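Chain by chain, the residues:
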Amino acid sequence: MPASNATVFLGMITPAGRVAYVTPALPAEVAVAAAAEAEVPVETRYRLAGPCVTSSCGFWTGDHCGLGERLVTSYAQTVGDPEVELPRCAIRRTCRWFAEQGPPACVACAHVVTDAR
């Protein structure tokens, strides 16, 4: 398993625009190498997760992640009640979004796509 402070390959983006998580966590280099072979931008097919950098990030509010909070709020306003079953996720125990927002963060996270070309 990769070090807890390393960027990891979290999952693949499905045609439906959801993240299909991989477990256990794999080093990000796995996705980067696969994307290079396919000659596609990494973010169009793969979801990566890196360590929280707190005050070095523009989303840091001073005491929590503003992005995680916005994602949970936006998802709830768009979809309503979250799904009951949480997806399998290799980073949940170290995930700041989950620690701060709880299960709704997991549900919203599965829908985060960083490049929707």
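See the structure printed just above.
Residues numbered from 1 in each chain as written. Predicted model: local features only at pLDDT ≥ 70, side-chain atom pairs only at ≥ 80, totals over all residues. Heavy atoms only, no water.

## Some words on helix H3 (residues 66–79)
Note the threshold: Only DSSP runs of H or I reaching four residues or more are called helices, and only runs of E reaching two or more are called strands; each is numbered from the N terminus. Expected helix span is given by 1.5 Å per residue-to-residue step, counting one fewer step than there are residues. Burial status follows relative accessibility: with a 1.4 Å probe on protein chains alone, a residue under 20% of its type maximum counts as buried, one over 50% as exposed, and anything between as partly exposed.
In a regular helix each residue adds 1.5 Å, so 14 residues correspond to 20 Å; H3 covers 20 Å between its end C-alpha atoms and thus fits that length. Among all positions of H3, only Gly-66, Gly-68, Val-72 and Tyr-75 are buried. Of the residues flanking the end of H3, it is Gly-80, one or two places downstream, whose phi is positive at about 95°.

## Remarks on the sheet that holds strand E3 (residues 46–49)
Using the following cut-off: Two strands qualify as a pair provided that DSSP identifies no fewer than 2 bridges between them. To obtain an axis, a line is fitted to C-alpha atoms, over the contacting stretch when the element is a helix, and the angle between two such axes runs from 0 to 180 degrees between their N-to-C directions. Note on contacts: a residue pair qualifies if any of its non-hydrogen atoms lie within 4.5 Å across the two residues.
Pairing within the open sheet is antiparallel, and its three strands lie in the order E2-E1-E3. A single partner strand is all that each edge strand has here, and the edge strands are strand E2 (19–27) and E3. Sheet twist, expressed as the average angle between the axes of neighbouring strands with direction ignored, equals 25°. Each of strand E1 (8–13), E2 and E3 touches helix H1 (residues 28–38); the most contacted strand, E2, lies at about 115° to it.

## Description of the nonpolar core
Note the threshold: Nonpolar core, defined: a set of buried Ala, Val, Leu, Ile, Met, Phe, Trp, Tyr and Cys residues in which side-chain atoms within 4.5 Å join the residues together.
Core analysis: the biggest nonpolar cluster contains 16 residues, and Val-8, Leu-10, Tyr-21, Ala-49, Ile-91, Trp-97 and Cys-109 have the highest contact counts within it. When residues of this core are traced back to their parent elements, those giving at least two are E1, E2 and helix H5 (103–109).

## Quick notes on unusual backbone geometry
In this chain, Thr-23 is followed by Pro-24 through a cis amide linkage whose omega measures 0°. Relative to the helices and strands, Pro-24 is located in strand E2. Of note in the backbone geometry, Thr-54 takes a positive phi value of approximately 45° without being a glycine. Mapped onto the elements of the fold, Thr-54 is located in the loop between E3 and H3. Residue classification places Thr-54 among the partly exposed positions, given a relative accessible area of 27%.

## Remarks on the environment of Ala-105
The topology assignment puts Ala-105 in helix H5. When near neighbours in sequence (up to four residues on either side) are disregarded, Ala-105 contacts Val-72, Trp-97 and Phe-98.

## Here's the deal with the pairing of E1
In terms of burial, E1 is a largely internal element, five of the six residues being buried. Where E1 lies against E2, five bridges are found, and the strand directions are antiparallel. Residue Val-8 lies in a different strand from E2, and its bridge partner there is Pro-27. Two successive antiparallel strands, E1 and E2, enclose a turn made up of five residues, where Gly-17 displays a positive phi of approximately 85°. Pairing of E1 with E3, which is carried by four bridges, proceeds in the antiparallel orientation. In the sheet register, Val-8 faces E3, and the bridge partner there is Ala-49.

## A closer look at the environment of Cys-95
Mapped onto the elements, Cys-95 comes out in the loop between H3 and helix H4 (96–101). A relative accessible area of 18% means that Cys-95 is categorised as buried. The spacing of Cys-95 and Gly-50 is 45 residues in sequence and 9.6 Å in space, taken between C-alpha atoms.

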